[in-house]
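Coordinate analysis (summary)
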Amino acid sequence: MIGPNGAGKTTFVNVITGLLSPNSGSVKLGEHEISGLQSFKIAKLGMGRTFQITRGFEQLTVTENLLVPALATKTTSRSEVEKKAEEIMDFLLIKHLAKELSVNLSGGQKKLLELGRVLMLDPSIIVLDEPFAGVHPELRGDLHDHIKELYRAGKSFLIISHDMDSIFKLSERVIVFDQGKKLIEGPPDEVREEEAVLEAYLGD
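Residues numbered from 1 in each chain as written. Predicted model: local features only at pLDDT ≥ 70, side-chain atom pairs only at ≥ 80, totals over all residues. Heavy atoms only, no water.

As a further point, take the sheet that holds strand β5 (residues 156-160). The strand order across the open sheet formed by three strands is β3-β4-β5, and the pairing between neighbours is parallel. A strand with exactly one partner marks an edge of an open sheet, and here the two such strands are β3 (47-49) and β5. Within the sheet, the average angular offset between the axes of one strand and its neighbour, ignoring direction, is 15°. Of the pairings in the sheet, the one linking strand β4 (residues 125-129) to β5 comprises five bridges and is parallel in character. (Pairing = 2+ DSSP bridges. Helix = DSSP H or I, 4+ residues; strand = E, 2+ residues; numbered from the N terminus. Axes fitted to C-alpha atoms, helices over the stretch in contact; angles between N-to-C directions.)

Encoded structure:
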């Protein structure tokens, strides 16, 4: 999902993930009506999200941050949760940071950690709000690879970003928001050439 600043992208995401209630209409996740549900209940139904500004527990280590989502799951044992956390750190290439406090991580490492916390819930849909903002190009490439691998494993993604290069590399469909409404939706190559999209970004 792309659009100029103030287009309503994050507000839309806050509505579908339960941080805001819609004024009208409805939101469904599969067969579940989720309009107005609390965000933790939506997460339990299979939708996880990251935030534009990362929200790690700064005085907890990377491992401890990953263990927190287990509080919201029906986990049978601590050892099972710790094993899952190790697997996710291996997958995200951050195991060397396991004992590092979150406050000491770089911007890109914090983005990886936040993705890791979402993965601890094993959601079917992952919403990423500006996942590439402030991320070093090398770590951005790692994020691309992780997203592609998770997609191949059956996860669905909604990515909100101003990083057009990343969006057009990763997306099968692009939705353009402008002034709180969907302006256009379609394959990346078609959306890129739409005059209405150019006007929304650049003006007449």
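Moving on, we get to the nonpolar core. Within the largest apolar cluster, 36 residues are counted, with the highest numbers of intra-cluster contacts made by Val62, Leu66, Ile94, Leu115, Ile159, Val174 and Val176. Among the elements of the structure, α3 (62-67), α4 (78-92), α5 (107-119), β4, α6 (137-152), α7 (164-170) and β6 (174-178) are those that each provide at least two residues to this core. Every residue in contact with Ile94, bar those within four places of it in the chain, is listed here: Val62, Met89, Leu112 and Leu113. Counting residues in each nonpolar core, the second largest holds 15 residues, with Met1, Ile34, Val127 and Ile160 among its members. (Core = buried A, V, L, I, M, F, W, Y, C linked by side-chain atoms within 4.5 Å. Buried < 20%, exposed > 50% of the residue type's maximum accessible area, 1.4 Å probe, protein only. Contact = heavy atoms within 4.5 Å.)

Let's shift gears to the packing of aromatic side chains. Inspection of every chain in the model, using the stated rule, returns one aromatic pair. Its end group placed over the ring of Phe51, Arg49 keeps NZ or CZ at 4.0 Å from the ring centre. (Phe/Tyr/Trp six-rings, centres within 6.5 Å; stacked < 30°, edge-to-face > 60°. Lys NZ or Arg CZ within 6 Å of the ring centre and 35° of its normal.)

Quick look at the side chain of Asp129 now. In this fold, Asp129 is placed in strand β4. Within the structure, Asp129 has its side chain in polar contact with the side chain of Thr10 (distance 3.1 Å). With near-sequence residues (within four places) excluded, Asp129 lies in contact with Thr10, Arg49, Thr50, Phe51, Gln52, Lys111 and Ile160. (Polar contact = N/O pair within 3.5 Å; in protein donor to acceptor, adjacent residues only side chain to side chain.)

Once that is clear, we can look at unusual backbone geometry. Even without a glycine there, the phi angle at Leu93 is positive, about 60°. With respect to the helices and strands, the residue Leu93 is situated in the loop between α4 and α5. Under the relative-accessibility criterion, Leu93 is labelled exposed at 52%. One non-glycine residue, Asp122, adopts positive backbone phi at about 50°. Here Asp122 shows up in the loop between α5 and β4.

Attention shifts here to the pattern of salt bridges. Counted by the stated rule, this structure contains 10 salt bridges. Measuring nitrogen to oxygen at the nearest pair gives 3.6 Å for the salt bridge that ties Arg140 to Asp163. Of this pair, Arg140 sits in helix α6 while Asp163 sits in the loop between β5 and α7, and the two are 23 residues apart along the sequence. Overall, the relative accessible area of 19% leaves Asp163 in the buried class. For the salt bridge of Arg173 with Glu185, the shortest nitrogen-to-oxygen distance reads 2.1 Å. Placement of the pair is Arg173 in the loop between α7 and β6 and Glu185 in strand β7 (residues 181-186), with a sequence separation of 12 residues. Taken together, the shared-partner salt bridges connect Glu86, Asp90 and Lys95 into one network. (Salt bridge = Lys/Arg side-chain N within 4 Å of Asp/Glu carboxyl O.)

Moving on: the confidence of the model for the protein chain. Looking at the protein chain, pLDDT values average 88 and 94% of them are 70 or higher. At the level of individual helices and strands, the protein chain shows its lowest average pLDDT in helix α9 (residues 195-202), which scores 66, and its highest in β5, which scores 95. (pLDDT = per-residue confidence, 0-100.)

Once that is clear, we can look at the packing of α5 against α6. Two elements in contact, α5 and α6, have axes whose closest approach is 10 Å; the angle formed by their N-to-C orientations is 15°. In this view, α5 runs roughly parallel relative to α6, as classed from their interaxial angle. Every pair of crossing elements has a handedness; the one defined by α5 and α6 is left-handed. Counted together, Gly108, Gln109, Lys111, Leu112, Leu115 and Leu119 of α5 and Leu139, Leu143, His146 and Leu150 of α6 form the full contact between these two elements. (Parallel < 35°, antiparallel > 145°, perpendicular 65-115°, else oblique. Left-handed = near helix turned anticlockwise from the far one by under 90°.)

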